[in-house]
Amino acid sequence: TRGGGWSRGEGVGRAARAAGLEAARALRRKAPPGMALARRHSARLVEKPSLRTRSTFEIATHELGGETLDVPAQFAEGVREPLQDVARNLERWVDAIVVRTYAQAKVTAIASAAPRMRVINALTADEHPCHALPDMLPIRQHWGRSRGSIAPRAAHGRPPATARTPPAPLPLFFPSPFPFWLMS
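These figures come from a predicted structure and were not determined experimentally. (Residues numbered from 1 in each chain as written. Predicted model: local features only at pLDDT ≥ 70, side-chain atom pairs only at ≥ 80, totals over all residues. Heavy atoms only, no water.)

Scanning the protein from N- to C-terminus turns up six helices and seven strands. If you list the helices and strands of the protein from N to C, you get β-α-β-α-β-α-β-α-β-α-β-α-β. Among the 184 residues that make up the protein, the fraction classed as buried is 38%. Once local pairs closer than 6 in sequence are excluded, the contacts in the protein between residues at least 24 apart make up 62%. Summed over all atoms, the accessible surface of the protein reaches about 10,700 Å², with 59% contributed by carbon and sulfur. (Helix = DSSP H or I, 4+ residues; strand = E, 2+ residues; numbered from the N terminus. Buried < 20%, exposed > 50% of the residue type's maximum accessible area, 1.4 Å probe, protein only. Contact = heavy atoms within 4.5 Å. Areas by Shrake-Rupley, 256 points an atom, 1.4 Å probe, with all protein chains shown as cover.)

See below:
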């Protein structure tokens, strides 16, 4: 259905996570690369700089047959036109938007103003619902389930560990180098 997406980690229950993971597994099994997003368009609004986020979402969209639209970061500021107007216009042209910004309120505003467009939160200061999900698919594919597993998250600890993610069905372990240790 339209209007889905991962704009917030809260409210993403076990059933929604399982359905998303099953859809990803089905895409890997049966959809030939280049066909799953054929004739679909996604926008990227990347206010918070990132080589990996920008690159991986664009590459993935192209490999699945979709097209990407890079929305300049200044549109997140709402100076030229309100962010809600930007969202309503994009909703007419694209199927989804990937947003990486500082304020969670901007992602929420986009999702509220454009209810038929999928909004994917690629990172805010408060939320990072896409972060834990990529770990779940290979764990489930290899072991058939994720309960009882531990997911190592190799990253510079603080942002991914402190940002809220969808409740994971397994404990997350955050090894990190000394300058980025998490202090309890």
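With respect to the helices and strands, the residue serine 42 is situated in strand E2 (residues 41–46). Serine 42 has contacts with Thr61, Glu67, Thr68, Leu69, Val94 and Ala96, leaving out every residue within four places of it along the chain.

Take the environment of threonine 53 next. Summarising the element assignment, threonine 53 is placed in helix H2 (residues 51–63). When the C-alpha atoms of threonine 53 and valine 99 are compared, they prove to be 9.7 Å apart, with 46 residues separating the residues in sequence. In contact with threonine 53, not counting residues within four places along its chain, are Arg100 and Ala122. A distance of 3.0 Å separates the side chain of threonine 53 from the side chain of arginine 100, its partner in a polar contact. (Polar contact = N/O pair within 3.5 Å; in protein donor to acceptor, adjacent residues only side chain to side chain.)

Moving on, we come to the pairing of strand E3 (residues 67–71). Judged from the five bridges that link them, E2 and E3 form a sheet pairing that is parallel. Residue pairing across strands places arginine 44 opposite aspartate 70, the latter belonging to E3. (Pairing = 2+ DSSP bridges.)

We now examine the pairing of E2. Counting buried positions along E2 gives five out of six residues, so the element sits mostly inside the fold. Where the polypeptide runs from E2 across H2 and back to E3, its parallel neighbour, the crossover connection is right-handed. When E2 meets strand E4 (residues 96–100), the two strands line up parallel, connected through five bridges. Note that in E4 the partner of arginine 44 across the bridge is valine 98. (Right-handed = clockwise from strand over helix to strand, strands pointing away.)

Quick look at the confidence of the model for the protein now. Model confidence for the protein is summarised by a mean pLDDT of 76, while 62% of its residues fall at 70 or above. Across the protein, element-level confidence peaks in helix H3 (residues 83–93) with a mean pLDDT of 96 and bottoms out in helix H6 (residues 158–162) with 50. (pLDDT = per-residue confidence, 0-100.)

Okay, unusual backbone geometry next. Although it is not a glycine, arginine 39 adopts a positive phi angle of roughly 65°. Inspection of the secondary structure assignment puts arginine 39 in the loop between helix H1 (14–30) and E2. For arginine 39, a relative accessible area of 79% corresponds to the exposed category. One non-glycine residue, leucine 123, lies in positive phi territory at about 160°. On the secondary structure map, leucine 123 appears in strand E5 (residues 118–123). Residue leucine 123 is classed as buried on the basis of its relative accessible area, which comes to 7%.

Pairing between side chains of opposite charge can happen when their charged atoms approach one another. Taken as a whole, this structure holds eight salt bridges when the rule is applied. Between lysine 106 and glutamate 47 there is a salt bridge, and its shortest N-O distance comes to 2.9 Å. Of the two residues, lysine 106 sits in helix H4 (residues 104–113) while glutamate 47 sits in the loop between E2 and H2, which places them 59 residues apart along the sequence. On the basis of relative accessible area, lysine 106 is assigned to the buried category, the value being 19%. According to the relative accessible area criterion, glutamate 47 is buried, its value standing at 13%. One salt-bridge network, in which partners are shared between bridges, spans Arg44, Arg54, Glu58 and Asp70. (Salt bridge = Lys/Arg side-chain N within 4 Å of Asp/Glu carboxyl O.)

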